[in-house]
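The lines below spell out each chain.
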Amino acid sequence: MRIKDWDTNLKIRLFGEALMNITYWMFFPFLTIYFASEFGKEKAGLFLIISQMFSVLANLMGGYFADRFGRKTMMVLASFGQGVAFILFAFSNSPWLEIPILGFICFAFAGVFGAFYWPASQAMVADVVEEKHRSSVFAVFYTSINIAVVIGPILGTIFYVNHPFEVLVAAGVVCIFLSLLLAKQTRETAPAYKTDTNEEAVKWFSPVIKQVRDYQIIFRDKAFLLYIIAGVLVALTFMQLDMILPVYITETIQQQEMLSIGSWSLSLDGEQVFGIILSENGFLVALFTIIITKWMTKYKERNVFILSSIVYGFSMLVFGFTQSIWLFIIAMAIFTLAELMTAGIQQTFVSKLAPEHMRGQYFAAASLRYTIGRTVAPIAIPMSLWFGYQTTFIILALFAFFSGFLYYAMFKKAETKVIEKVELS
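Parameters at a glance
Residues numbered from 1 in each chain as written. Predicted model: local features only at pLDDT ≥ 70, side-chain atom pairs only at ≥ 80, totals over all residues. Heavy atoms only, no water. Helix = DSSP H or I, 4+ residues; strand = E, 2+ residues; numbered from the N terminus. Buried < 20%, exposed > 50% of the residue type's maximum accessible area, 1.4 Å probe, protein only. Areas by Shrake-Rupley, 256 points an atom, 1.4 Å probe, with all protein chains shown as cover. Pairing = 2+ DSSP bridges. Polar contact = N/O pair within 3.5 Å; in protein donor to acceptor, adjacent residues only side chain to side chain. Contact = heavy atoms within 4.5 Å. Core = buried A, V, L, I, M, F, W, Y, C linked by side-chain atoms within 4.5 Å. Salt bridge = Lys/Arg side-chain N within 4 Å of Asp/Glu carboxyl O. Patch = residues over 30% accessible without salt bridge, like charges linked within 9 Å, V, L, I, M, F, W, Y side chains within 5 Å. Axes fitted to C-alpha atoms, helices over the stretch in contact; angles between N-to-C directions. Parallel < 35°, antiparallel > 145°, perpendicular 65-115°, else oblique. Left-handed = near helix turned anticlockwise from the far one by under 90°. Phe/Tyr/Trp six-rings, centres within 6.5 Å; stacked < 30°, edge-to-face > 60°.

What follows concerns the overall build of the protein. Regarding its fold elements, the protein presents 19 helices and two strands. Considering the protein as a whole, with its 425 residues, one finds that 52% of them fall into the buried category. Summed over its atoms, the accessible surface of the protein is roughly 20000 Å², and 66% of this surface lies on carbon and sulfur atoms.

Now for the pairing of strand β2 (residues 264-268). Judged from the five bridges that link them, strand β1 (residues 256-261) and β2 form a sheet pairing that is antiparallel. Residue pairing for β2: serine 260 is matched across the bridge by serine 265. Counting the residues that bridge the hairpin from β1 to β2 gives two residues, and of these glycine 262 lies at a positive phi of roughly 65 degrees.

With that settled, consider the side chain of threonine 322. With respect to the element layout, threonine 322 can be found in the loop between α12 (301-320) and α13 (325-343). Threonine 322 sits in the buried class, given a relative accessible area of 5%. From its side chain, threonine 322 meets the backbone nitrogen of serine 324 in a polar contact 3.2 Å long. Every residue in contact with threonine 322, bar those within four places of it in the chain, is listed here: Tyr248, Thr252, Leu327 and Phe328.

Turning next to the nonpolar core. Judged by nonpolar contacts, the single largest core of 113 residues is most densely connected at Phe35, Tyr227, Phe319 and Phe393. If one sorts the elements of this core by residue count, helix α9 (residues 222-238) sits on top with eleven residues. Apart from residues no more than four positions distant in its own chain, phenylalanine 319 is found in contact with Leu245, Tyr248, Ile277, Phe328, Ala331, Met332, Phe335 and Phe393. In this structure, Trp6, Leu14, Val125 and Val129 belong to the second largest nonpolar core, which totals seven residues.

One pass over the full model with this rule turns up three salt bridges. With a shortest N-O distance of 2.8 Å, arginine 187 and aspartate 7 are connected by a salt bridge. One end of the pair, arginine 187, is in the loop between α7 (164-185) and α8 (206-218); the other, aspartate 7, is in the segment before α1 (8-27), with 180 residues separating them in the sequence. Residues arginine 13 and glutamate 17 are paired through a salt bridge, measuring 2.7 Å at the closest nitrogen-oxygen approach. With arginine 13 and glutamate 17 both in helix α1, this residue pair falls four residues apart, about one helical turn. The burial state of arginine 13 is the same as that of glutamate 17; both residues are buried.

This brings us to a nonpolar patch on the surface. Taken together, the side chains of Phe91, Trp96, Leu97, Ile99, Ile101, Ile105 and Phe109 make up a nonpolar region of the molecular surface, amounting to roughly 670 Å² of accessible area. Inspection of the secondary structure assignment puts isoleucine 105 in helix α5 (residues 100-128). Taking the relative accessible area as the measure of exposure, isoleucine 105 reaches 38% and is therefore partly exposed.

In the contact formed by α1 and helix α4 (residues 71-92), the axes pass within 13 Å of each other and the chain directions differ by 25 degrees. Taken as axis vectors, α1 and α4 run roughly parallel relative to one another. The two elements α1 and α4 meet at a crossing, and its hand is left-handed. For the pair formed by α1 and α4, the contact residues are Arg13, Glu17, Met20, Tyr24 and Phe27 on the first element and Met75, Gln82 and Phe86 on the second.

With respect to the element layout, phenylalanine 107 can be found in helix α5. As a C-alpha pair, phenylalanine 107 and leucine 88 span 19 residues in sequence and 9.4 Å in three-dimensional space. Sequence-distant contacts of phenylalanine 107, that is, excluding residues within four places in its chain, are made with Phe28, Leu31, Phe35, Leu48, Ser51 and Phe89.

Following the criterion strictly, the structure yields 35 aromatic pairs and no others. Ring centres of phenylalanine 35 and phenylalanine 89 lie 6.1 Å apart, and the angle between their planes is 10 degrees; on these two criteria the pair is classed as stacked. Separated by 54 residues along the polypeptide, phenylalanine 35 in helix α2 (residues 31-39) and phenylalanine 89 in helix α4 bring together distant segments of the chain.

On to helix α10 (residues 244-252), then. Turn by turn, an α-helix covers 3.6 residues, leaving residues three or four places apart pointing in a common direction. Within α10, eight of the nine residues are buried, which leaves the element mostly enclosed by the surrounding structure. Within α10, burial applies to Ile244, Leu245, Pro246, Val247, Tyr248, Ile249, Thr250 and Thr252.

Pasting the structure below:
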């Protein structure tokens, strides 16, 4: 399905969200550095965990709100709320005012609004696109995000490092612009909401209670429970890209020469190096996702999951035992390979594991790998203070290696349920 044939809602979103994502990735990767410097590593880790807990709660309610109040309504309110939060964040660390705790509160609210935005945006695609074309539409939005991950950090190393106030204000203005664009140029796509006469169904927290009950049923599937636990450990590893890595690289590299040609040389500080390797990750993901996914389909899913965990662990060890720009770049390439090995098969695997009548619930529960992983991941920041960077990276590597063992146990447990089904198909 070509973009010119898309629904107008999606065309407007693609343009507006591309601007929003680029400005967001100009500053987001550097926020961990900011919080660690302002609050210290222990408090920064605790604060980030708290903010993620609010985002997890908002994510659980986001789908319900999108159905209850409409996709457009939630997207307009969420993007406007994010914009206001970013602008207040900018003024909390400005030439006129310096209140770091206000900045953290604004960051937490921005995360909550973001958690409200994305379920509505995903549902809107399902509303206006035929099922046979949805994968291609989602792929375009996914590619757009990865392009932003490439461009944003590079621009951030140029602008945010020296002008954080201006960049945060610009991000806020872009979010408010997106809100106005959605309000004026898009239409509501949600079907009419049917009110349940059951009192519990109309309570704002009812979606959370319902999902918890659904998870109780799903987690009786021992193989799937192992899949979730292993996924949390992997997430705890790869989400360090936004947590300990920016702090570690900034402290490790003060000013280091990257290239030298004759009398000309290029020297970078830690924040600039982190911006480069983050852009490297986005570039490699955008370039090689399809290629590596096709490559991985030639092998047994069990072996791919286990090997991905091992490669993740190895990348953590390389990161933890180097201080060279070029070795950081190599470590990121290894890290990205681990990410891409399972990127294309995870959803397929869940669909095989889930009973046909419960696939939606299984997919929702599978997302807990990321929500729990992101909630716990900030603990690595104070760990680096308690144990030192090298020991922390060793612990992260061990988590990744142990997830490989859990994947092995999972496939043994699910042998008749999954592997035989794959062989028959």
